[in-house]
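A structural walkthrough
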Amino acid sequence: MKSFLNRFSFTLLIFLSAGLALAFPPLFLQIGDYQLKNLIVPLIQVIMFGMGTTMSISDFNFIMKSPKAVIVGLVCQFTIMPFMGYFLANAFEFSGEIAAGVILIGCSPSGLASNVMAYIAKANVALSITITSIATLMAPFITPTLMKLLAGEFIEIELLTMMIDVAKMVFLPITLGILVNKMFANHKEMLDKIMPKVSMAGIVIIISIITATGRKSILELGGTLVLCTLIHNLGGYFLGYWGARLMKLKEEDCRTVAIEVGMQNGGLASGIAVKMGKIGTVGLAAGLFGPIMNITGSVLATFWSKKPVNS
C-alpha cells in the first residue's frame, strides 16, 4: 500500500508540474540564455545511473533459471509496442513528427516503474528486473533499428547516429551505477532511498520541459494524443498478458510480461527526441505516456494484488 501511495503521489506531482508548464511555459523553457531542454539528456543519464545502482550481475542469473520467460518477455516487448505504435500513428493520421513520437515510445524499453508495479501485482519481480535490465541494454541497437523500419516513412532517421546517442545515454551511466552498487554494497539502503527520489525529480523536470516546449501541439492534439497513448498503454498490458499465456507461462510470469510490455521508458524516449532536435513534437507522446502508465499501472497492479496467483 505504501508503494502504491508513493507512486500515486508521484503521478499527481507530474500532473501538477505539467499543468504549471502549460499555464506558464516560459518558466520551463529557459533561464537567462540557457535553454532548459539541454538538461534532458544529462537528466536521462542520471536516471540511467540510478537504474544501474539497483542492478548487479546476479540479476542476470534468472536467464539461466527461466530462459523461456525472459525470451518471451523480450520478444513481446520489442514487437507488440512498436508495431502497435505504428498502427495507431496511422490510424489517428498524426503528422509526421507526432506519428514518429508515438512509434518511438513503442520502440523504447521498459523502465524501473515496471519493477515496482510487478511487486505490487504479486508478479515475478526477479523476471521483471531481468527483462528491464536486458531490454535497456539492448535499446541502443534495437530501438534505432525499429525506428528506422517503422518511423522512417514519417521522419528521417539517422540509424548510426541514433545508436550512438542512445548508447551514450544507456551504457556509461548504467555501468557506473553497477560499479557504485558493488563498491558501496554496505550502503545499499542509502542508495535505494536516494536514487529513486533523484530519478523521480528528473522525470518530473523532463515532463515539464517537454510540456512547455510542445504546448502548442498539446493544445491542438491533446485529447486525441491522450486517447492514442491510453490505447497504446492498455493494449500493451492486454497483448503482453495474453501473448505470455499463449506461450504457457505461469500466471505470475504472465502478469510480469504484461507490465513490462505496457510500461515504457518515456525518459529514454524523451532523450532520443532531444538528440533528434524535435523534443516539442517527437517527444510529446513520451511526455504523456509517463503519467498515464503510472495511473493505469497502479490500478492494474492493485487489482492483481487482490487476486491469488495460480501456477
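The structure under discussion appears in the preceding block.
Nothing here was measured: the structure is a model prediction, and the numbers come from that model. (Residues numbered from 1 in each chain as written. Predicted model: local features only at pLDDT ≥ 70, side-chain atom pairs only at ≥ 80, totals over all residues. Heavy atoms only, no water.)

Let's shift gears to helix H7 (residues 113–120). Three- or four-residue spacings in an α-helix give side chains the same orientation, since the helix completes a turn every 3.6 residues. Across the 8 residues that make up H7, a large majority, 6, are buried. Listing the buried residues of H7 in full gives Ala113, Ser114, Asn115, Met117, Ala118 and Ile120. Lys122, located one to two residues past H7, shows a positive phi value of around 60°. (Buried < 20%, exposed > 50% of the residue type's maximum accessible area, 1.4 Å probe, protein only. Helix = DSSP H or I, 4+ residues; strand = E, 2+ residues; numbered from the N terminus.)

To continue, consider the state of the cysteines. One pass over the structure, following the stated rule, counts 0 disulfides. Cys228 provides the cysteine sulfur closest to Cys107, a residue in no disulfide bond, and the two sulfurs are 13 Å apart. (Disulfide = S-S within 2.5 Å.)

On to the nonpolar core. Judged by nonpolar contacts, the single largest core of 81 residues is most densely connected at Ile40, Ile44, Met147 and Leu268. Every residue in contact with Met147, bar those within four places of it in the chain, is listed here: Ala100, Ile103, Leu104, Cys107, Gly152, Ile157 and Met162. (Core = buried A, V, L, I, M, F, W, Y, C linked by side-chain atoms within 4.5 Å. Contact = heavy atoms within 4.5 Å.)

It is worth spelling out the pattern of salt bridges at this point. Counted under the stated rule, the structure contains 3 salt bridges. Of the charged contacts, one joins Glu97 and Lys278 as a salt bridge, the two residues approaching to 3.0 Å between their closest N and O atoms. Of this pair, Glu97 sits in helix H6 (residues 96–107) while Lys278 is found in the loop between helix H13 (266–275) and helix H14 (284–305), placing the two residues 181 residues apart along the sequence. You can call Glu97 partly exposed: its relative accessible area is 26%. The closest approach of N and O atoms between Lys250 and Glu252, which form a salt bridge, is 3.5 Å. The class of Lys250 is partly exposed, set by a relative accessible area of 41%. (Salt bridge = Lys/Arg side-chain N within 4 Å of Asp/Glu carboxyl O.)

A separate point is the environment of Phe238. Considering the arrangement of structural elements, one finds Phe238 in helix H11 (residues 215–246). A relative accessible area of 52% means that Phe238 is categorised as exposed. Sequence separation between Phe238 and Ile259 is 21 residues; the distance between their C-alpha atoms is 9.3 Å.

This part takes up the packing of aromatic side chains. Summed over all chains, the structure comprises 5 aromatic pairs. Among the aromatic side chains, those forming a connected cluster through ring pairs are Tyr241, Trp242 and Trp304. (Phe/Tyr/Trp six-rings, centres within 6.5 Å; stacked < 30°, edge-to-face > 60°.)

The residue Ser298 is located in helix H14 in this model. Residue classification places Ser298 among the buried residues on the basis of a relative accessible area of 3%. Distance from Ser298 to Val116, taken between C-alpha atoms, is 9.3 Å for residues 182 residues apart in sequence.

Helix length check: H6 (12 residues) gives 16 Å between terminal C-alpha atoms against 16 Å at 1.5 Å per residue, within 8%. Where H6 is concerned, the buried positions are Ile98, Ala99, Ala100, Gly101, Val102, Ile103, Leu104, Ile105, Gly106 and Cys107. The inward-facing, buried residues of H6 contact helix H4 (67–77), helix H5 (80–91), helix H8 (125–151), H11, H13 and H14. (Expected span 1.5 Å × (residues − 1).)

Bringing the side chain of Ser128 into the picture now. Secondary-structure assignment places Ser128 in helix H8. A residue is classified by how much of its surface remains accessible, and Ser128, at 0% relative accessible area, is buried. The contact partners of Ser128, leaving out residues within four places of it in the chain, are Ser114, Asn115, Ala118, Thr256 and Glu260.

These values are about where atoms sit, not about what they do.
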